[in-house]
Amino acid sequence: MHAESQRRLHEGVYAFVGGPSYETRAECRMLHKLGADVVGMSTVPEIVVARHCSIRVLALSLVTNCAVLSPVPRGDDRLLQGKGVEELDAILQEGKANHEEVLEAGRSAAIDMQRVVVRTILGAFKSD
């Protein structure tokens, strides 16, 4: 038996972006101001095609990284003064999505996502 997951379900507003690169901090702030709770590069195109085929859709999204909403320091920011190249790079990379970390988050959530799908399908059959 698996331990109870700390992962929780939330309803929210999904903003689609074309990708294939991760959003910048500025883009994250803009989307947040527009009301987005999460941002992704998939799901929406698949739903559009399914709806054009008159297929009913239920979408689940797994959040694999958190956006950094604070702006990158400006070049004249005192925080940057006197810093070496490695320190500057660390400041600029703070919160930046890392593809390997995103993949690992997906792998670690696979069992939880499978449980959600199974419970959703079983629940649909019980309500018929």
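Just so it is clear, the model here is predicted, and its values are computed rather than measured.

Caption draft 1: Main features of the overall build of the protein chain. Each helix and strand counted, the protein chain has four helices and two strands in total. For the protein chain, the succession of helices and strands along the chain, N to C, is β-α-β-α-α-α. Taking 128 residues into account, the globule formula puts the C-alpha radius of gyration at 14 Å, and the protein chain, at 19 Å, lies well above it. Its C-alpha atoms give the protein chain principal-axis dimensions of about 65 × 40 × 20 Å. When each of the 128 residues of the protein chain is scored for burial, the buried share is 15%. In the protein chain, of all internal contacts separated by at least 6 residues, the share reaching a separation of at least 24 is 65%.

Caption draft 2: Representation of the UniProt feature "domain: Nucleoside phosphorylase" (unreviewed entry) in the protein chain. The sites that carry the UniProt feature "domain: Nucleoside phosphorylase" (unreviewed entry) are, in the present numbering, residues 6-121. Between the end C-alpha atoms of residues 6-121 the distance is 22 Å, and the span holds 43% helix and 5% strand.

Caption draft 3: Representation of the confidence of the model for the protein chain within the structure. On average, residues of the protein chain score 85 in pLDDT, and 95% of them are at 70 or above. Per-element averaging of pLDDT across the protein chain places helix 3 (residues 85-93) at the bottom with 82 and helix 2 (residues 44-52) at the top with 96.

Cut-offs and rules
- Residues numbered from 1 in each chain as written.
- Predicted model: local features only at pLDDT ≥ 70, side-chain atom pairs only at ≥ 80, totals over all residues.
- Heavy atoms only, no water.
- Helix = DSSP H or I, 4+ residues; strand = E, 2+ residues; numbered from the N terminus.
- Rg over C-alpha atoms; globule rule 2.2 N^0.38 Å.
- Buried < 20%, exposed > 50% of the residue type's maximum accessible area, 1.4 Å probe, protein only.
- Contact = heavy atoms within 4.5 Å.
- UniProt positions renumbered as here; feature names shortened; annotations may be inferred.
- pLDDT = per-residue confidence, 0-100.

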